[in-house]
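Summary of the model geometry
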Amino acid sequence: MIIAALAAALAVAAPCDLEHPSGKPGCTRAAVDALPMNAIQVIGTHNSYKTAIAPKEFALLQAINPKTARTLDYSKPPLTDQLKAGARQLELDFVNDPEGGRYATPLGQKMAKDADTAPYDAAPMMKPGMKVMHVPDIDYRSVCPTFVACLTEIRAWSKAHPDHLPILIIMNLKDDQIPVPGAVPLLPFDAKAMDAIDAEIRSVFPEAALITPDRVRGKHATLREAVAAGGWPKLKAARGKVMFAMDEGAAKTDLYRVGHPSLEGRAMFINTPDLASPAAGYITLNEPEELAGRIDAALKAGLIVRTRADADTFEARDNDRRRQVDAFNSGAQYVSTDYMTPDTRFGPYEAHLPGGGVGRLNPKTAK
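Residues numbered from 1 in each chain as written. Predicted model: local features only at pLDDT ≥ 70, side-chain atom pairs only at ≥ 80, totals over all residues. Heavy atoms only, no water.

1. What to know about the state of the cysteines
- The tally for this structure, following the rule as stated, stands at two disulfides.
- The disulfide bridge from Cys-16 ends at Cys-27, spanning 2.0 Å between sulfur atoms. As the torsion about the S-S bond is roughly 75 degrees, the Cys-16-Cys-27 disulfide counts as right-handed. One end of the pair, Cys-16, is in the loop between helix H1 (2-11) and helix H2 (29-33); the other, Cys-27, is in the loop between H1 and H2, with eleven residues separating them in the sequence. Pair check on accessibility: Cys-16 and Cys-27 agree, each one buried.
- Along the protein chain, the cysteines that take part in disulfide bonds pair up as 1-2, 3-4, counted in sequence order. (Disulfide = S-S within 2.5 Å. Helix = DSSP H or I, 4+ residues; strand = E, 2+ residues; numbered from the N terminus. Buried < 20%, exposed > 50% of the residue type's maximum accessible area, 1.4 Å probe, protein only.)

2. A closer look at the pairing of strand E1 (residues 40-45)
- Along E1, six of the six residues are buried, which leaves the element largely enclosed by surrounding structure.
- Where burial is concerned, the two faces of E1 agree: the one with Ile-40, Val-42 and Gly-44 and the one with Gln-41, Ile-43 and Thr-45 are both buried.
- As judged from the three bridges shared by E1 and strand E10 (residues 359-361), these two strands associate in the antiparallel manner. Bridge assignment links Val-42 to a residue of E10, and that residue is Gly-359.
- Across four bridges, the pairing between E1 and strand E9 (residues 334-337) is parallel. Each residue of the ladder has a partner; that of Thr-45, found in E9, is Thr-337. (Pairing = 2+ DSSP bridges.)

3. Quick notes on the packing of helix H7 (residues 147-160) against helix H8 (residues 191-204)
- Running from N to C, H7 and H8 point in directions that differ by 35 degrees, and their axes come no closer than 9 Å. As for how H7 packs across H8, the hand of that crossing is right-handed. When H7 is examined against H8, the residues Phe-147, Val-148, Leu-151, Thr-152 and Arg-155 are found in contact with a partner set consisting of Ile-197, Glu-200, Ile-201, Ser-203 and Val-204.
- Class assignment for the residues of the contact of H7 with H8 results in six nonpolar, two polar and two charged. (Axes fitted to C-alpha atoms, helices over the stretch in contact; angles between N-to-C directions. Left-handed = near helix turned anticlockwise from the far one by under 90°. Contact = heavy atoms within 4.5 Å. Nonpolar A, V, L, I, M, F, W, Y, C, P; charged D, E, K, R; others polar.)

4. Focus: the sheet that holds E9
- Taken in spatial order, the five strands line up as E7-E8-E9-E1-E10 in an open sheet, and their pairing is mixed. In this open sheet, the two strands that pair with only one neighbour each are strand E7 (282-284) and E10. Here the strands of the sheet are splayed against their neighbours by 25 degrees on average, with no regard to which way each runs.
- Note: strand E8 (residues 304-308) against E9, three bridges, orientation parallel. Across the sheet, residue Thr-307 finds its bridge partner in E9, namely Val-335.
- The strands touched by helix H13 (residues 292-300) are E7 and E8; relative to E8, the strand with the most contacts, the crossing angle is about 155 degrees.

5. As for the layout of surface pockets
- Here the largest pocket is characterised by a volume of approximately 490 Å³.
- In terms of lining, the largest pocket is formed by 24 residues, of which the most central are Leu-61, Thr-68, Leu-72, Val-135 and Ile-138.
- At the level of elements, helix H3 (55-64), helix H4 (66-71) and helix H6 (107-112) are the ones that each hand at least two residues to the lining of the largest pocket.
- For the lining of the largest pocket, the leading source of residues is H3, giving four residues.
- Within the lining of the largest pocket, the residues separate by chemical class into 13 nonpolar, seven polar and four charged.
- Quantified by volume, the second largest pocket comes out at close to 330 Å³.
- What lines the second largest pocket is a set of 18 residues, among which Ser-75, Lys-76, Pro-77, Asp-338 and Thr-341 lie closest to the centre.
- A per-class count over the lining of the second largest pocket returns seven nonpolar, five polar and six charged. (1 Å grid on protein atoms, 1.4 Å probe; cavity = no way out; pocket = protein on both sides within 12 Å on 5 of 7 lines; lining within 4 Å. Points joined across faces, edges and corners; volume = space filled by probe spheres on them.)

6. Focus on the sheet that holds strand E4 (residues 167-174)
- Read from one edge of the open sheet, five strands run E3-E2-E4-E5-E6, paired in mixed fashion. Edge strands, defined here as strands with exactly one partner in the open sheet, are strand E3 (131-132) and strand E6 (268-270).
- Inspection of the sheet shows E4 paired to strand E5 (residues 242-246) by five bridges, in the parallel sense. Residue pairing for E5: Ile-167 is matched across the bridge by Val-242.
- Set on the sheet, H8 makes contact with strand E2 (89-95), E4, E5 and E6; between it and E6 the angle comes to about 130 degrees.
- Against the sheet, helix H12 (residues 250-257) engages E4, E5 and E6, with an angle of about 135 degrees to E6.

As structure tokens, this is what we get:
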């Protein structure tokens, strides 16, 4: 009832940018800050770290596998620029490299004989720790090559903008072997690696800057009980903070939960298709039309949901906005796109929050 009343008041002056309330009737900072963080909707970016495959390497990939090349033909600006543009969800994929150096000599560059025309700085790759990339040896260039470097950039922007809406950072843990002769063998994410991810997050973000499972669970027995009871922080408390979520299947999320059944002490939330799980708090449901029923069920259970407005360059090439309409209408709190600005090679397609601004009232959870 309280959320509905606040939503009704805010709707008087709609649209209201929840990150920068105007102060006009129905859009005051006090009213906005009284909302729980799952009552908002914002836009973010998919594979936020990815830069373009170098031209010679891309031409080689096109010759070998044109279908795959088509889906990989996109890139992103620096993370700071994305945050400045209003992205409040970022995606970082990484590989495990505890000793350093494993990914310093990409096969694609060697095969294309591309070292002179497209240099690659291997120095950051020599350090131990998680390395950020899409597909090792093939689509490996990143705006920030190490996980810690990416986090450091996000943290710097966040500290400089302490009133920002909560940022969600989702992560894929890459360990699928690349079916190309000579490709580097990827290391698995074992229990030690899971602890290392948490340690890298906490090496950059102090506890006060994080929205963690412990913070949301509070005095409830489980995270699931907490989110069902409305345990998400109010925006007043969530501004300036970052939330991490592992976007993986059961093999990895179950390992991460060993000894932490409700994510006690952990830095990350996990993708939780089982809404009855004690660790249920976040879920990735990337197909907003096909999975509309599951999105509704997750929202009713109190979870935060991420979906996608476009994928694999298809919508951009056809200027097809149907999927993004479904995504924003779905009520997912975080809607991801590859096109906060158009790729002029393809056409005018881009995705923006309906009504403009950085954050709006969620069409489902703010009712």
